[in-house]
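Fold and contact review
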Protein chains: 2
Amino acid sequence: MNSEKNNFVEEIHRNHFSIRYKIKEKLFEGQSDFQKVEVVETLGYGRMLLNDSLVMVTEKDEFIYHDMISHVPLFVHPNPKKVLIVGGGDGGTAREVLRHSSVESVVMVEIDKMVVDACREFIPQTSKELANPKLTLLIEDGVKYMKESSDTFDVIIIDSTDPIGPATPLFGEEFYKNVYARLSDNGIVVAQGESPFYEEVMQKKLLIIVSNIFPLRTYYNFNNMTYPGGLWSFLFASKGRHPIKDFQANRIEQSGLDFNYYNSEIHKGCFSLPQFMVNNLKELIQI
Amino acid sequence: MNSEKNNFVEEIHRNHFSIRYKIKEKLFEGQSDFQKVEVVETLGYGRMLLNDSLVMVTEKDEFIYHDMISHVPLFVHPNPKKVLIVGGGDGGTAREVLRHSSVESVVMVEIDKMVVDACREFIPQTSKELANPKLTLLIEDGVKYMKESSDTFDVIIIDSTDPIGPATPLFGEEFYKNVYARLSDNGIVVAQGESPFYEEVMQKKLLIIVSNIFPLRTYYNFNNMTYPGGLWSFLFASKGRHPIKDFQANRIEQSGLDFNYYNSEIHKGCFSLPQFMVNNLKELIQI
């Protein structure tokens, strides 16, 4: 393990720029069947998980991503009991989902055991609820699970990496047809939706696929400190639940839960998209 | 002038991380009485202005900052005719303000002639409207101008750098008392308000100052691709105009203007603040 004061990890983006994070120590490094997995102790962001040298999670700002991927759909669904998470091996999404008292069971399907094990050992902040008895963790291919399962879920969360390598089929038509089949009548799916600045083509492609399957669909935005450009999106699609009209702000207060990013104003405001996104996607958005 | 393919500029942030942008060429470098001024041609962001090695403006994403600092207040004020800009030497804010047909005159007070000259020569995309006959450009200290001027303005825009070095007094009580005095009855001031992630203390300090002077005040957020963390704020304060209740969305359509970031949903949504900002500032926000 390195403890050099001038050590850093570097994420390189499209050969245009790179971000270097100073680290105190590398805690873990391994190569799974799917990707390189590293956990480092940074100077400014606490512990950090990287897959293939791309920042996935940091202790300092993971609350933002995990608030927005979980509480937005869970407060739109009228009574979410059964939740499916695909990916999310760090455990942060499961942690937030399990805070909802209506939730009776969570199935989590993560393809890469190395990510789960590394986070269990080195990032308890995100992984602690993986031991929750309401959670069933399956180390499996989420695409295969979605096709072969006969379970029904109220909310499905696709907490994936980028659409390159192992996560590519998670951005495809067959997968989303199976997601639709797995959802209950009031069902909602949200999915990691990339950067509006850098992935306009991919955002449009994904929304085309989803527009052929779901009657309601759009993106909502949030602000990650440690992703390139900061601005990031989640896809939102449902069988009928409207993300704003069917959102009752008083449910947040009634839940007794508190958050450091999410609140009712953010819930409503996050569906306001910058004009360049509207220009790219307007014929496909339906809410 | 360097033309090395592996050349880059590097912005270092709090010794935690740094961002490196690959450049094709350095177009200008100078040291004014106030700061180092550089203009470079980047690989991925077009031309870039840096002050003291901090990214100020890039051709690729400047539309975001300039949309949000100008069109939010100008569409809240009922009929903005006279606008004052302090700072903004690149010219982008003036460019956007001058697109409003109601605007009869713009006074721009920039302390650093080198910034203006470098942008006039190398970044015409932002500086082209500096030649507009409705604009009066004064190369002066904005703090001194605010104190000594007897002019009245409908909207004042503080388009400053960070509160270190020459811009420090622009974040002070005496300055804001003078801003209040320079504003007409429906007057609105907006000011560069830093990162909510990194400058919680400064955001609170500024809002304390403003809360003792203006009856309405808050922050609104936007997303810069090239500032650390991406999420950034503008201060909004007024003598009575409410940023959302007094915003009429149809004025955007009536104006005939189009934008790549700003729109009516973004206008309303940008005043939704993440919970950590609300926790930091709620006793001071008044809208």
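Residues numbered from 1 in each chain as written. Chains lettered and ligands numbered in written order. Predicted model: local features only at pLDDT ≥ 70, side-chain atom pairs only at ≥ 80, totals over all residues. Heavy atoms only, no water.

Points about the packing of aromatic side chains
- Per the stated rule, a full pass over the model turns up 40 aromatic pairs over all chains.
- With a centroid separation of 5.8 Å and an interplanar angle of 85 degrees, the aromatic rings of Phe236(B) and Phe271(B) are classed as edge-to-face. On the criterion of sequence distance, the pair formed by Phe236(B) in strand S12 (residues 231-238) and Phe271(B) in the loop between helix H9 (264-269) and helix H10 (275-281) is long-range, its members being 35 residues apart.
- Put simply, the rings of Tyr65(A), Tyr220(A), Phe222(A), Tyr227(A), Trp232(A), Phe234(A), Phe236(A) and Phe271(A) touch in pairs and so form one group of aromatic residues.
- It is Lys82(A) that lies over the ring of Phe153(A); its NZ or CZ is 5.4 Å from the centre.
- Against the face of Tyr180(A) rests Lys239(A), its NZ or CZ located 4.1 Å from the ring centre. (Phe/Tyr/Trp six-rings, centres within 6.5 Å; stacked < 30°, edge-to-face > 60°. Helix = DSSP H or I, 4+ residues; strand = E, 2+ residues; numbered from the N terminus. Lys NZ or Arg CZ within 6 Å of the ring centre and 35° of its normal.)

A few points about helix H3 (residues 113-122) of chain A
- Those residues of H3(A) that fall on the buried side of the exposure criterion are Val115(A), Val116(A), Ala118(A), Cys119(A) and Phe122(A).
- Looking at where H3(A) begins, the residue whose side-chain oxygen comes 3.1 Å from the main-chain nitrogen of Met114(A) is Asp112(A). (Buried < 20%, exposed > 50% of the residue type's maximum accessible area, 1.4 Å probe, protein only. Polar contact = N/O pair within 3.5 Å; in protein donor to acceptor, adjacent residues only side chain to side chain.)

Some words on the domain arrangement of chain A
Residue and element names in this part refer to chain A.
- For chain A, the assigned domains read domain 1 (2-58) and domain 2 (62-284).
- Measuring from the centre of the C-alpha atoms in domain 1 to the corresponding centre in domain 2 gives 24 Å.
- Taken together, both faces of the contact between domain 1 and domain 2 bury some 2,100 Å²; the carbon and sulfur share is 69%.
- Counting the contacts that link domain 1 with domain 2 gives one salt bridge.
- The residue Arg14 makes a salt bridge to Glu199 at a minimum N-O spacing of 3.7 Å.
- Put simply, domain 1 and domain 2 have six residue pairs in polar contact (both at pLDDT 80 or more) between them.
- Of all the secondary structure elements, the ones that give two or more residues to the side of domain 1 that touches domain 2 are strand S1 (8-13), strand S2 (17-31), strand S3 (36-42), strand S4 (47-51) and strand S5 (54-58).
- Here the side of domain 1 that touches domain 2 gets six residues from one element, more than from any other, and that element is S2.
- Grouping the amino acids of the side of domain 1 that touches domain 2 by side-chain chemistry returns 14 nonpolar, seven polar and three charged. (Domains from an automatic or database assignment. Buried area = accessible area lost by both parts, 1.4 Å probe. Salt bridge = Lys/Arg side-chain N within 4 Å of Asp/Glu carboxyl O. Nonpolar A, V, L, I, M, F, W, Y, C, P; charged D, E, K, R; others polar.)

A closer look at the interface of chain B and chain A
- On the side of chain A, 37 residues touch chain B, which itself brings 37 residues to the contact.
- With both chains or domains summed, chain B and chain A bury close to 3,000 Å², and 54% of this area falls on carbon and sulfur atoms.
- Of all residues in chain B, the largest losses of buried area upon contact with chain A belong to His16(B), Arg20(B) and Met225(B), amounting jointly to 18% of the total for that side.
- At the junction of chain B and chain A, the tally comes to zero salt bridges.
- Between the two partners, chain B and chain A, sit 18 residue pairs in polar contact (both at pLDDT 80 or more).
- Mapped by element, the contributors of at least two residues to the side of chain B that touches chain A are strand S2 (17-31), helix H1 (62-76), H9 and H10 of chain B.
- Per-element accounting of the side of chain B that touches chain A gives the leading share, six residues, to S2(B).
- Counted by class, the side of chain B that touches chain A contains 19 nonpolar, 14 polar and four charged residues.
- Pairing of S2(A) with S2(B) involves five bridges; the strand directions are antiparallel. Bridge pairing in S2(B) places Phe17(A) opposite Tyr21(B). (Contact = heavy atoms within 4.5 Å. Pairing = 2+ DSSP bridges.)

Observations concerning the sheet that holds strand S12 (residues 231-238) of chain A
All names here are of chain A.
- With respect to topology, seven strands assemble into an open sheet ordered S8-S7-S6-S9-S10-S12-S11, the strand pairing being mixed. Strands at the two margins of the open sheet, each flanked by one partner only, are strand S8 (135-139) and strand S11 (216-223). Direction aside, neighbouring strands of the sheet carry axes that sit 15 degrees apart on average.
- Taken together, the five bridges between strand S6 (residues 82-87) and strand S7 (residues 105-110) define a ladder with parallel strand orientation. Along S7, the bridge assignment pairs Ile85 with Met108.
- Here helix H7 (residues 200-211) sits on the sheet in contact with S11 and S12, set at roughly 145 degrees to S11. (Axes fitted to C-alpha atoms, helices over the stretch in contact; angles between N-to-C directions.)

Considerations on the environment of Gln125(A)
Residues and elements named next belong to chain A.
- Relative to the assigned elements, Gln125 resides in helix H4 (residues 124-127).
- Along the chain, Gln125 and Asp162 lie 37 residues apart, while their C-alpha atoms are 23 Å from each other.
- There is a polar contact of 2.8 Å between the side chain of Gln125 and the side chain of Glu62.

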